[in-house]
Amino acid sequence: MSQDRYTPNEIELKWQARWQASNAFACSHESDKPKYYCLEMFPYPSGNIHMGHVRNYSIGDVVARVKRMHGYNVLHPMGWDAFGLPAENAAIKHKTHPAKWTYANIDNMRAQLQRLGYSYDWSRETATCRPEYYRWEQEFFLRFLEKGLVYRKKAPQNWCPSCHTVLANEQVIDGLCWRCDSRVEQKDLTQWFLRITAYGDELLEDLARLEGGWPERVLAMQRNWIGKSHGAAIAFTLEKPLPGKERIEVFTTRPDTVFGVSFLTLAPEHELVEHLIDGYEKADEVRAFVARIRNMDRLERQSDVLEKEGIFTGAYVRHPFTGERVPLWLGNFVLADYGTGAVMGVPAHDQRDFEFARKYALPVKVVISPKDAPLDPAAMTEAYAGEGVMIHSGEFDGMPNTEGKQAVARKLEADGNGRATTQFRLRDWNISRQRFWGAPIPVVYCDACGVVPEKRENLPITLPLDAQINEDGRSPLPQMDSFTRCTCPQCGGPARRETDTMDTFVESSWYFARYTSARKEDGPFDMDALRYWMPVDQYIGGVEHAILHLLYARFFTKALRDLGYFPPDLEEPFSRLLTQGMVLKDGSKMSKSKGNIVAPSEMIDKYGADTVRLFCLFAAPPERDFDWSDSGIEGASRFLQRVWRLFMDEESRFLPVRGCSSTAADVQNDTARDLRRREHLTVKKAGEDMSRRFQFNTAIAAVMELVNAMYLAREKMGQDEGDRRVFSSAMASVLTLLSPITPHICEELWERLGHTSSLQDEPWPVWDETALQQDSVTIALQVNGKLRGTIDVPAQADKAALEAAARDDAAVQRHTAGLTIRKVIVVPGKLVNIVAN
RNA sequence: GCGAGAGUGGCGGAACUGGUAGACGCACUGGACUUAGAAUCCAGCGGUUCAUCCGUGGGGGUUCAAUUCCCCCCUCUCGCACCA
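All values reported here derive from a predicted model rather than from experimental measurement.

Asker: What am I meant to see in the confidence of the model for chain A here?
Answerer: Close inspection of predicted coordinates is inappropriate in any region flagged by low pLDDT. Taken over all residues, the pLDDT of chain A has a mean of 93, while the share at 70 or more is 99%. Interface predicted TM-score (ipTM) for the complex: 0.95; the corresponding pTM is 0.94.

Encoded structure:
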């Protein structure tokens, strides 16, 4: 190895080999130390690490390494979210099996992560596509089925024609597939659902537990997505009862406006439509309307420019309070899968109903009267949705509408016509996927017994490794007799296996728990390990998972807790969440099509892993997006060169000491005192920025200042013992503070400093308050709040002395000449402000 | 429309509890070293009419003092949105 040039690649490979050989970051739950579980969202093994991964994992690695140095027993695992569509596409392209492509990518990406020197406990590595992993998911599925948390339902589903599979509601973004941006179609299919709505209330309420630990906007997004609204269910009796159906129920958040109802609107998909129009002379027109609306795709249907349209069904209901006849309409704006698929129309107090009523000449009845401004239905140009007093509302007349909400609901309940209730926007999670590369759903279809769950002792149901993916992307499983042919677990007769696989978001909903006992074979989790490690103390990943993954994982945690797999007091999986920003290039997201990709491997070859890590952390605070800058990484590289050179230039004066080890007795001159003070100041600031605030950019800036100070100090400092100790201590602090960010160069210099132990076992240095004290301080002098000068005064100077010094100052005198001094504000150690006019 | 966040030099960003706005880095400029360049080191670097005045998206307010607190407005980013 060369003696004085900084050769990052040599150094980094040397230390990485050592870490690997000694399993340096392995941990166990059998420990007396306090635990810290640091987790970054695991990657999909697409083939190569990209800059977004580097940023994500560099942030996590700093957190993990800092916590270790603070004495925590740190769990910092890594694995692979290995099921998914790209593997199938690649398999088609290369005429191979998705497993082969996936495992090759994992090997490649593991090597890339190791080349970045991340401190993972590799002995816990998992890949979700391995039967040892997904067999437990199949077991959860069976337990969910027993508990009614899994059910089968036929309903219109989101179908992506390009991916040949259904999608969950969360995976449809603006009517497009989250993965390939194809237009999502609606298709009637029988699918498996996870009853996430059973946990709707808990998922919403427990967001309060995450307050402070999770970004506000993620909490807001989840609240929004769960979408709980309070209101009432109100039943309207059908004028002509249908077989087994006498009433139509609506959900409303405004029961106080019930006396203003002038029509009811049903979704075109409402199950009763065909019965309602039976015998109506214009039934065919209604059928044509329904057909037209149903044929619209989701994007068109949900567009906000879509005109409100409706049609009368010929049927009527009776108002629960007045007994009035209310016409039943169908409307294209009514959602079949929200509430009851039916709404009451109150044109005077709901803008959408108002527009509908004006269009179809339906009556507008004012029942809420705003203070001092009575409404005239004929003159209204828009609905009045504000507060007021109830009028034309029978027994409720004169009541403030805010009270009326509950009063009406109580009366409805007493009369058997409704009740106060809530509605969620959240829907159950469709987990069926018509794809090959996923965990098989462990049920069979038997002609005799119907749908039968697989026996637990038959798990795992493994994916065949001899499958050949169809050219058009459809799953080969339905055509594979070897897979589908099976015996019924109930009657022993011939049966067919389910060929749908589970949504890959199921695997990522519990992987964090599997890491706590990743090699366990006789069960999914070791309860002692779960109790020790869970919850994850710090979770780090992209904000794009704010709803999908983070909501599903929270749901799984609660469901597995209730099934006894998780400790009963484990409420939430992730105590703290950091959503890191994206790495952009030229202002936009890096992508192949834009050709603006910066490959981490090229940067590592050119500058070394330490420099790449340093730049990713220095460029911006972690939550913010940052634009990759070629000259910026040059700057990061320059800084590490500077640290290296400082060490080499001064090698002869270094002693093998720790950070903050010099004492006041070592200080024999001003330069040494200033340097020692700067060292302690840096340890204080960088330490707080790294462990408390997660502001790595300012922590690095502080260390840069210390290094600059050392460059300036070195010429003025001598070779005597005291100066050497002060200078060496500062160097040791630089290396210790920087080691979580740039571990390789720091370990190397630490070793060259003469230490035999590793820096990762070094305790975090502790700054000394007395070292921060100064003899003199600079005080700002203000006149009327404006800075007019500064003076250096003894640190202990009292208020009177400060005021006197300020009045003596020439600049102050110039700015107060001819004025009367009214007041003098003295903030010791900071400033003197003279108020004069 | 609702919700969340942001707006500071040429650029990325700093200022944590109201107390010297612009730390640190990039870019740029000058100097040293060098035959020259690169690298390195040192210094400068918001604007200005330069002992002045202006300046943290705009306007008001509180205060001795506001990037920071309060009110109103503008712009941008993200999420949700015919959810009854």
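Asker: Explain the sheet that holds strand E30 (residues 786-794) to me, please; I cannot follow it from the model alone.
Answerer: Reading across from one edge, E30-E29-E32-E31 is the order of the four strands in this open sheet, with mixed pairing throughout. In the strand order of this sheet, the two ends are held by E30 and strand E31 (821-827), each with one partner. Going across the sheet, the axis of each strand differs from the next one's by a mean of 20°, ignoring polarity. Across four bridges, the pairing between strand E29 (residues 776-783) and strand E32 (residues 831-836) is parallel. What sits directly across from Gln 782, in E32, is Asn 833.

Asker: When you look at the sheet that holds strand E26 (residues 583-585) in this model, what are you seeing that I'm missing?
Answerer: Strand pairing within a sheet occurs via backbone hydrogen bonds; the two strands may be parallel or antiparallel. The three strands lie next to each other as E27-E26-E28, forming an open sheet whose pairing is mixed. Two strands bound the open sheet, and with one partner strand each, they are strand E27 (588-589) and strand E28 (626-627). The pairing of E26 with E28 spans two bridges and is classified as parallel. When the bridges of E28 are listed, Leu 584 appears paired with Asp 627.

Asker: Would you take a moment to explain the state of the cysteines for this structure?
Answerer: For the coordinates displayed, the defined rule picks out zero disulfides. The thiol of Cys 27 is not disulfide-bonded; the next cysteine sulfur, from Cys 38, is found 11 Å away. The closest cysteine sulfur to the non-disulfide-bonded Cys 177 is located on Cys 180, 3.7 Å from its own sulfur.

Asker: Where do I start with the packing of aromatic side chains in this structure?
Answerer: Aromatic ring pairs are defined here through the distance separating the ring centres and the angle between the ring planes. Counting across every chain of the model gives 46 aromatic pairs. Each ring, one from Phe 144 and one from Phe 556, has its centre 5.4 Å from the other, and the planes form 70°; the classification is edge-to-face. Separated by 412 residues along the polypeptide, Phe 144 in helix H5 (residues 131-147) and Phe 556 in helix H18 (residues 548-562) bring together distant segments of the chain. Using a relative accessible area of 2% as the deciding quantity, one classes Phe 556 as buried.

Asker: For this particular structure, what's the right way to read the protein's contact with RNA strand B?
Answerer: Lining the immediate environment of RNA strand B, one finds 57 residues, of which Thr 252, Thr 253, Tyr 338, Arg 425 and Arg 642 sit closest. Near the protein, meaning within 4 Å, the atoms of RNA strand B are sugar or phosphate in a fraction of 65%, with bases accounting for the rest. Within the side chain of Arg 352, one N or O atom sits 3.2 Å away from a base nitrogen of RNA strand B. Lys 685 is positioned such that a nitrogen or oxygen atom in its side chain is 2.9 Å from a base nitrogen of RNA strand B. In terms of residues, the surface near RNA strand B owes the most to one element, helix H23 (residues 696-714), which gives seven residues. Per-class residue counts for the surface near RNA strand B are 21 nonpolar, 16 polar and 20 charged.

Asker: Help me understand the layout of surface pockets, please; the structure alone is not making it clear to me.
Answerer: Empty pockets left among the atoms are what a rolling probe the size of a water molecule brings to light. Each pocket or cavity is described by its volume, and for the second largest pocket that value is around 480 Å³. Taken together, 19 residues line the second largest pocket, and the ones lying closest to its centre are Phe 251, Tyr 338, Val 343, Asp 350 and Arg 352. Elements with a minimum of two residues in the lining of the second largest pocket: strand E9 (245-252), strand E13 (342-345) and helix H12 (351-360). In terms of residue count, E13 provides more of the lining of the second largest pocket than any other element does, three residues in total. Looking at side-chain class alone, the lining of the second largest pocket contains nine nonpolar, six polar and four charged residues.

Asker: I tried to follow a negative patch on the surface on my own but got confused; where do I start?
Answerer: Residues Asp 586, Asp 627, Asp 630 and Glu 634 make up a contiguous surface patch of negative charge. The class of Asp 627 is partly exposed, set by a relative accessible area of 35%.

Asker: Is there a simple way to explain the nonpolar core in this structure?
Answerer: Across soluble globular proteins, nonpolar side chains show a tendency to be buried alongside one another. Counting residues in each nonpolar core, the largest one holds 179 residues, and the members touching the most others are Met 51, Phe 144, Trp 429, Phe 512, Phe 556 and Trp 628. For this core, the element with the most residues is H23, which contributes 10 residues. Residue contacts for Trp 429: discarding those within four places in its chain leaves Ala 168, Trp 192, Phe 193, Leu 194, Ile 196, Asp 503, Phe 505, Val 506, Ser 509, Tyr 552, Phe 555 and Phe 556. Grouped together as the second largest cluster of nonpolar side chains are 54 residues, Leu 238, Leu 276, Met 344 and Met 390 included.

Asker: Explain the packing of helix H22 (residues 670-691) against helix H24 (residues 721-738) here, please?
Answerer: Helix packing for two helices is described by the angle between their axes and how far apart those axes are. Two elements in contact, H22 and H24, have axes separated by 10 Å at closest approach and are oriented at 15°. On the basis of the axis angle, H22 is roughly parallel to H24. Of the two possible hands of crossing, H22 and H24 adopt the one that is left-handed. Between H22 and H24, the residues in contact are Ala 672, Leu 675, Arg 676, Glu 679, Thr 682, Val 683, Ala 686 and Met 690 and Asp 723, Val 726, Phe 727, Ser 729, Ala 730, Ser 733 and Leu 737, respectively.

Asker: Whenever I open this one, the pairing of strand E12 (residues 325-331) confuses me. Can you help?
Answerer: A regular strand places its side chains so that they alternate between the two faces of the sheet. Across the seven residues that make up E12, a large majority, six, are buried. Here three bridges tie strand E10 (residues 263-266) to E12, and the two strands are oriented parallel to one another. Residue pairing across strands places Leu 264 opposite Leu 328, the latter belonging to E12. Relative to E12, strand E11 (residues 310-318) is paired through six bridges, and the arrangement is antiparallel. Residue pairing across strands places Gly 310 opposite Gly 331, the latter belonging to E12. In this antiparallel pair of consecutive strands, E11 and E12, the connection spans six residues, and Gly 323 shows a positive phi of 75°.

Asker: So what exactly am I meant to see when it comes to the packing of helix H19 (residues 600-607) against helix H21 (residues 630-649) here?
Answerer: Relative to each other, H19 and H21 sit at 40°, their axes nearing to 11 Å. When the axis of H19 is compared with that of H21, the two are oblique. For the pair H19 and H21, the sense of crossing is right-handed. Here Met 603, Lys 606 and Tyr 607 of H19 come into contact with H21, specifically with Asp 630, Ile 633, Glu 634 and Ser 637. Residues belonging to the contact of H19 with H21 are distributed by class as follows: three nonpolar, one polar and three charged.

What counts, and where the lines are drawn
Residues numbered from 1 in each chain as written. Chains lettered and ligands numbered in written order. Predicted model: local features only at pLDDT ≥ 70, side-chain atom pairs only at ≥ 80, totals over all residues. Heavy atoms only, no water. pLDDT = per-residue confidence, 0-100. Pairing = 2+ DSSP bridges. Helix = DSSP H or I, 4+ residues; strand = E, 2+ residues; numbered from the N terminus. Axes fitted to C-alpha atoms, helices over the stretch in contact; angles between N-to-C directions. Disulfide = S-S within 2.5 Å. Phe/Tyr/Trp six-rings, centres within 6.5 Å; stacked < 30°, edge-to-face > 60°. Buried < 20%, exposed > 50% of the residue type's maximum accessible area, 1.4 Å probe, protein only. Near = heavy atom within 4 Å. Polar contact = N/O pair within 3.5 Å; in protein donor to acceptor, adjacent residues only side chain to side chain. Nonpolar A, V, L, I, M, F, W, Y, C, P; charged D, E, K, R; others polar. 1 Å grid on protein atoms, 1.4 Å probe; cavity = no way out; pocket = protein on both sides within 12 Å on 5 of 7 lines; lining within 4 Å. Points joined across faces, edges and corners; volume = space filled by probe spheres on them. Patch = residues over 30% accessible without salt bridge, like charges linked within 9 Å, V, L, I, M, F, W, Y side chains within 5 Å. Areas by Shrake-Rupley, 256 points an atom, 1.4 Å probe, with all protein chains shown as cover. Salt bridge = Lys/Arg side-chain N within 4 Å of Asp/Glu carboxyl O. Lys, Arg positive; Asp, Glu negative; His and termini not counted. Charge placed at Lys NZ, Arg CZ, Asp CG, Glu CD. Core = buried A, V, L, I, M, F, W, Y, C linked by side-chain atoms within 4.5 Å. Contact = heavy atoms within 4.5 Å. Parallel < 35°, antiparallel > 145°, perpendicular 65-115°, else oblique. Left-handed = near helix turned anticlockwise from the far one by under 90°.

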